[in-house]
Amino acid sequence: MDGGAHEEAFFFSGARFVVLEGILITGGQYHGVKLDPPSADIVVRDCEITDTFNGTDPSSQLSPIKGFQVPRVLVERTSIRFSRRWIGNNIQGIDCNACPSWTVRDNEISDVRAMAGGTSGTAIQFKSGSRDTVIE
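## A word on the overall build of the protein chain
Part 1 of the reasoning: Each helix and strand counted, the protein chain has zero helices and 14 strands in total.
Part 2 of the reasoning: When the helices and strands of the protein chain are read in sequence order from the N terminus, they spell out β-β-β-β-β-β-β-β-β-β-β-β-β-β.
Part 3 of the reasoning: Radius of gyration (C-alpha) of the protein chain: 13 Å, near the 14 Å computed for a compact globule of 136 residues.
Part 4 of the reasoning: Overall, the C-alpha framework of the protein chain stretches about 40 × 30 × 25 Å when taken along its three principal axes.
Part 5 of the reasoning: Looking at the protein chain residue by residue over its 136 residues, the buried ones come to 49%.

Written as structure tokens, this is what we have:
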């Protein structure tokens, strides 16, 4: 799936019991998979997410998997990698704000990095009241 000129390749807002499995996700401006409320019970399994950043705004955030207040998400056996550096400094592999009950298991996240002179990114980031999350 090529996200092309869209902000993200997959955007879920209000989706429930969705499984993304065995998909190559590339392209998009800033996110490969974006999850917003009232979505819940989402699975991303056996996927490859690569180079989901064609945006040109260095102040924007880049996260191949981005969640906001979405409960019960499983990210499993998924590869997240980049072939080049992001022009900004706000980069994460998996990023979630106020997300309860996520499981992140048996994934490969590599080459999360900013341009030369910028700070490096974070492979996995849960913040802003995220809770009951397991990272294995």
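## Description of the nonpolar core
Part 1 of the reasoning: Of all hydrophobic cores here, the largest spans 29 residues; its most connected members are Val-33, Leu-35, Ile-65 and Trp-102.
Part 2 of the reasoning: Broken down by secondary-structure element, the contributors of at least two residues to this core are β1 (8-13), β4 (31-36), β5 (40-45), β8 (73-76), β10 (92-97) and β11 (102-105).
Part 3 of the reasoning: Examining the composition of this core, we find that three residues originate from one element, β1, more than from any other.

## Brief notes about the packing of aromatic side chains
Each aromatic ring pair is characterised by the separation of its centres together with the angle its planes make.
Part 1 of the reasoning: For the structure shown, the criterion picks out two aromatic pairs.
Part 2 of the reasoning: Ring plane angle 10 degrees and centroid distance 6.3 Å describe the contact between Phe-10 and Phe-12, whose orientation is recorded as stacked. One exposure class covers both Phe-10 and Phe-12, and it is buried.
Part 3 of the reasoning: Ring centres of Trp-102 and Phe-126 lie 5.4 Å apart, and the angle between their planes is 80 degrees; this geometry places the pair in the edge-to-face category. One end of the pair, Trp-102, is in strand β11; the other, Phe-126, is in strand β13 (residues 122-127), and 24 residues separate them in sequence.
Part 4 of the reasoning: When its relative accessible area of 0% is taken as the criterion, Trp-102 is described as buried.

## What to know about the sheet that holds β1
Part 1 of the reasoning: Strand order in the open sheet formed by five strands is β1-β4-β7-β10-β13, and the pairing between neighbours is parallel. The open sheet has two free edges, formed respectively by β1 and β13, since each of these has just one partner strand. The mean inter-strand angle of the sheet, taken between neighbouring strand axes irrespective of direction, is 5 degrees.
Part 2 of the reasoning: Two strands pair when backbone bridges link them, and β4 and strand β7 (residues 63-68) are joined in this way by four bridges, in the parallel orientation. Bridge pairing in β7 links Leu-35 to Gly-67.

The rules behind each value
Residues numbered from 1 in each chain as written. Predicted model: local features only at pLDDT ≥ 70, side-chain atom pairs only at ≥ 80, totals over all residues. Heavy atoms only, no water. Helix = DSSP H or I, 4+ residues; strand = E, 2+ residues; numbered from the N terminus. Rg over C-alpha atoms; globule rule 2.2 N^0.38 Å. Buried < 20%, exposed > 50% of the residue type's maximum accessible area, 1.4 Å probe, protein only. Core = buried A, V, L, I, M, F, W, Y, C linked by side-chain atoms within 4.5 Å. Phe/Tyr/Trp six-rings, centres within 6.5 Å; stacked < 30°, edge-to-face > 60°. Pairing = 2+ DSSP bridges. Axes fitted to C-alpha atoms, helices over the stretch in contact; angles between N-to-C directions.

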